[in-house]
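# Structural features, examined
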Amino acid sequence: MEIHRSSGTIPDATLTCYLKLISKSSKVFPELTKASSLGKAYRVLKNTKSGKGKLDSALLAGWLNWAHGTNGTTTLTASEKVRLSGKSSAAALKKAAKNVLKTVK
């Protein structure tokens, strides 16, 4: 909801700052998904058709929560290792996305 321009309670400038923090803290963003702008980040959040898409969406939501100060990075970094592995199975991607979504509030 917050990713739509001027639609949420968090200003767009703050969300853009969060995306910059995420790009410095995460190994997946923006290198693999290029979610560096609000529009691109919204597309990543809505892309849940494939296992990698679901995991990318969950990871971005988790990192946005982290930037907002609501959770740690332990689950996020563990799930990023699964995402970065070239040989991850669909089941491993699904499990990693499920684990991240447990921490997202």
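Residues numbered from 1 in each chain as written. Predicted model: local features only at pLDDT ≥ 70, side-chain atom pairs only at ≥ 80, totals over all residues. Heavy atoms only, no water.

## Some points on the overall build of the protein
Short version of the rule: Helix numbers and strand numbers start at the N terminus; a helix is a DSSP run of H or I with at least 4 residues, a strand a run of E with at least 2. When accessible area is computed with a 1.4 Å probe and restricted to protein chains, residues below 20% of their type maximum are described as buried, those above 50% as exposed, and intermediate ones as partly exposed. Per-residue and other accessible areas follow the Shrake-Rupley method at a 1.4 Å probe size, with only the shown protein chains counted as cover for residues.
Helix and strand content of the protein: five helices and zero strands. Seen in sequence order, the protein has helices and strands lined up from the N terminus as α-α-α-α-α. Counting over 105 residues, the protein shows a buried share of 35%. Accessible area of the protein: about 6200 Å², with a carbon and sulfur share of 56%.

## A look at the environment of serine 89
What counts is decided by this rule: Two N or O atoms form a polar contact when they lie within 3.5 Å of each other; inside protein one atom must be a possible hydrogen donor and the other a possible acceptor, and for residues adjacent in sequence the pair counts only when both atoms belong to side chains.
In this structure, serine 89 sits in the loop between helix H4 (74-84) and helix H5 (90-103). You can call serine 89 partly exposed: its relative accessible area is 38%. Spatially, the C-alpha atoms of serine 89 and glycine 51 are 8.9 Å apart, while their sequence positions differ by 38 residues. Polar side-chain contacts of serine 89 include one of 3.1 Å to the backbone nitrogen of alanine 92.

## Considering the nonpolar core
Rules: Buried Ala, Val, Leu, Ile, Met, Phe, Trp, Tyr and Cys residues form a nonpolar core when they are joined through side-chain atoms within 4.5 Å. Two residues form a contact once any of their heavy atoms are found within 4.5 Å.
Within the largest apolar cluster, 23 residues are counted, with the highest numbers of intra-cluster contacts made by Leu19, Ile22, Phe29, Leu59 and Leu60. When contributions to this core are tallied by element, the ones reaching two or more residues are helix H1 (12-25), helix H2 (38-46), helix H3 (51-68) and H5. Counting residues per element, this core draws most heavily on H3, which supplies seven residues. In contact with leucine 19, other than residues within four places in its own chain, are Ala35, Ser36, Ser37, Leu38, Ala41, Leu60 and Leu64.

## A look at the confidence of the model for the protein
Worth spelling out the cut-off: Looking at any residue, its pLDDT shows the predictor's confidence there, from 0 to 100.
When pLDDT is averaged across the protein, the result is 83; 88% of the residues are at 70 or more. Across the protein, the element-wise mean pLDDT spans from 83 in H2 up to 91 in H5.

## Points about the pattern of salt bridges
In plain terms, the rule: Think of a salt bridge as a Lys or Arg side-chain nitrogen and an Asp or Glu carboxyl oxygen that are within 4 Å of each other.
Counted by the stated rule, this structure contains one salt bridge. Here aspartate 56 ties to arginine 83 by a salt bridge, and the two come within 2.6 Å at their closest N and O atoms. One end of the pair, aspartate 56, is in helix H3; the other, arginine 83, is in helix H4, and 27 residues separate them in sequence. Aspartate 56 sits in the buried class, given a relative accessible area of 8%.

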